[in-house]
Amino acid sequence: MKKILYTFVCAGVLLSCGGCTGESRPDYAELSRRLSEYNENYAFEYFDMFLYEGAYQVYFSLCSRDDVLLSMNFGEDGSIDDITVTACSDSMKTTGERAAYCSFALSAVSAFTMLSTEDITKIQRNLSFDDTNIYFSDLYETYTLSRYNFIFSSNSEYICLYAEYFEEMELSGSIEN
């Protein structure tokens, strides 16, 4: 009887752990749903995506036609491994356009990671993507939080905010003194 109960408990724990992993890495439909919670114009469909150099991409028209690009790389299970939000200097000239990029980038990172408000605030403190005055200057910043790496980069032509999920490495064996 104890073995049967133990088997059910172990199976329940394994199933619940599997559910947690899926929630931290959405597929494209879940990312779209989460983005639409921030702004209904952020939603996208499968037919809006195109494949370019191994990444699925979607253009968004925040202030002008196709002014922001969302790129996604998928894992074998269909969940998203990383996202990149990119804009070109030609389409981000005004303060309003830059603020729209910042808002979308923050929404995309929040929707992809599902981190707490406190963690999102930490990302904003450690990366300058919400300082629109420094857009399109030479800048490269990195930050790691939980199981995510973040990179904000900028040059005279493009700005990019990158977020990547990574698995923890498990070390086996013992360390001897």
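The structure we're discussing is the one just above.
Residues numbered from 1 in each chain as written. Predicted model: local features only at pLDDT ≥ 70, side-chain atom pairs only at ≥ 80, totals over all residues. Heavy atoms only, no water.

Draft legend 1. Molecular detail of the packing of aromatic side chains. Applying the stated criterion across every chain, the model contains 14 aromatic pairs. Between Tyr56 and Phe74, the ring centres sit 5.1 Å apart and the planes meet at 80 degrees, which makes this aromatic pair edge-to-face. Placement of Tyr56 in strand S2 (residues 55-60) and of Phe74 in strand S3 (residues 68-74) is noted, with a sequence separation of 18 residues between them. Since its relative accessible area comes to 27%, Tyr56 is described here as partly exposed. (Phe/Tyr/Trp six-rings, centres within 6.5 Å; stacked < 30°, edge-to-face > 60°. Helix = DSSP H or I, 4+ residues; strand = E, 2+ residues; numbered from the N terminus. Buried < 20%, exposed > 50% of the residue type's maximum accessible area, 1.4 Å probe, protein only.)

Draft legend 2. Representation of unusual backbone geometry in the model. One non-glycine residue, Asp66, lies in the positive phi region at around 50 degrees. The phi angle at Met114 is positive, at roughly 55 degrees, despite the residue not being glycine. Structurally, the position occupied by Met114 is in the loop between helix H3 (95-113) and helix H4 (117-126).

Draft legend 3. The arrangement of a nonpolar patch on the surface in detail. A grouping of Phe50, Tyr52 and Tyr59 is seen on the molecular surface, where their side chains present a nonpolar patch of about 310 Å² in accessible area. Note that Phe50 resides in strand S1 (residues 50-52). According to the relative accessible area criterion, Phe50 is partly exposed, its value standing at 33%. (Patch = residues over 30% accessible without salt bridge, like charges linked within 9 Å, V, L, I, M, F, W, Y side chains within 5 Å. Areas by Shrake-Rupley, 256 points an atom, 1.4 Å probe, with all protein chains shown as cover. Salt bridge = Lys/Arg side-chain N within 4 Å of Asp/Glu carboxyl O.)

Draft legend 4. Local environment of the pairing of strand S6 (residues 148-154). Only one face of S6 is covered, namely the one carrying Tyr148, Phe150, Phe152 and Ser154; the face carrying Asn149, Ile151 and Ser153 has none of its residues buried. As consecutive antiparallel partners, strand S5 (residues 139-145) and S6 are separated by two residues, and within that stretch Ser146 has a phi angle of approximately 55 degrees, a positive value. Examined bridge by bridge, S6 and strand S7 (residues 158-165) share seven bridges and lie antiparallel to one another. Residue pairing for S7: Ser153 is matched across the bridge by Cys160. (Pairing = 2+ DSSP bridges.)

Draft legend 5. Here's a closer look at the packing of H3 against H4. It is the contact of H3 with H4, at a shortest axis distance of 11 Å, that shows an interaxial angle of 135 degrees. It follows from the interaxial angle that H3 and H4 lie oblique. Where H3 crosses over H4, the two elements pack in a sense that is right-handed. The residues of H4 that touch H3, namely those facing Leu106, Val109, Ser110 and Thr113, are Ile120, Ile123 and Gln124. (Axes fitted to C-alpha atoms, helices over the stretch in contact; angles between N-to-C directions. Parallel < 35°, antiparallel > 145°, perpendicular 65-115°, else oblique. Left-handed = near helix turned anticlockwise from the far one by under 90°. Contact = heavy atoms within 4.5 Å.)

Draft legend 6. Examining the sheet that holds S5 more closely. Read across the sheet, seven strands follow the order S1-S2-S3-S4-S7-S6-S5 without closing on themselves; strand pairing throughout is antiparallel. One side of each edge strand has no neighbouring strand; the edge strands of this open sheet are S1 and S5. On average, each strand axis in the sheet is tilted by 20 degrees relative to the strand beside it, whichever way the strands run. Bridge analysis of strand S4 (residues 80-88) against S7 gives seven bridges, and the strand direction is antiparallel. Residue pairing in the sheet places Thr86 in a bridge with Cys160 of S7. On top of the sheet, helix H2 (residues 28-38) reaches S3 and S4; it is set at about 145 degrees to S3, its chief contact. In the packing of H4 onto the sheet, the strands contacted are S5 and S6, and the crossing angle to S5 comes to about 155 degrees.

Draft legend 7. Quick peek at the packing of H2 against H3. Axis separation between H2 and H3 bottoms out at 9 Å; the angle between their running directions is 135 degrees. In this view, H2 runs oblique relative to H3, as classed from their interaxial angle. Regarding H2 and H3, the two cross each other, and that crossing is right-handed. Facing Leu31, Arg34, Leu35 and Tyr38 of H2, the residues of H3 in contact are Phe104, Ser107, Ala108, Ser110, Ala111 and Phe112.

Draft legend 8. Fine view of the pairing of S2. Pairing of S1 with S2, which is carried by three bridges, proceeds in the antiparallel orientation. The residue bridging Tyr52 from the neighbouring strand is Ala55, located in S2. The antiparallel pairing of S1 with S2 creates a hairpin that spans two residues between the two strands, and Glu53 there sits at a positive phi of about 50 degrees. Sheet topology places S2 next to S3; five bridges connect them, and they run antiparallel. Bridge pairing links Phe60 to Val68 in S3.

As far as function goes, none of this settles anything; it's purely spatial.
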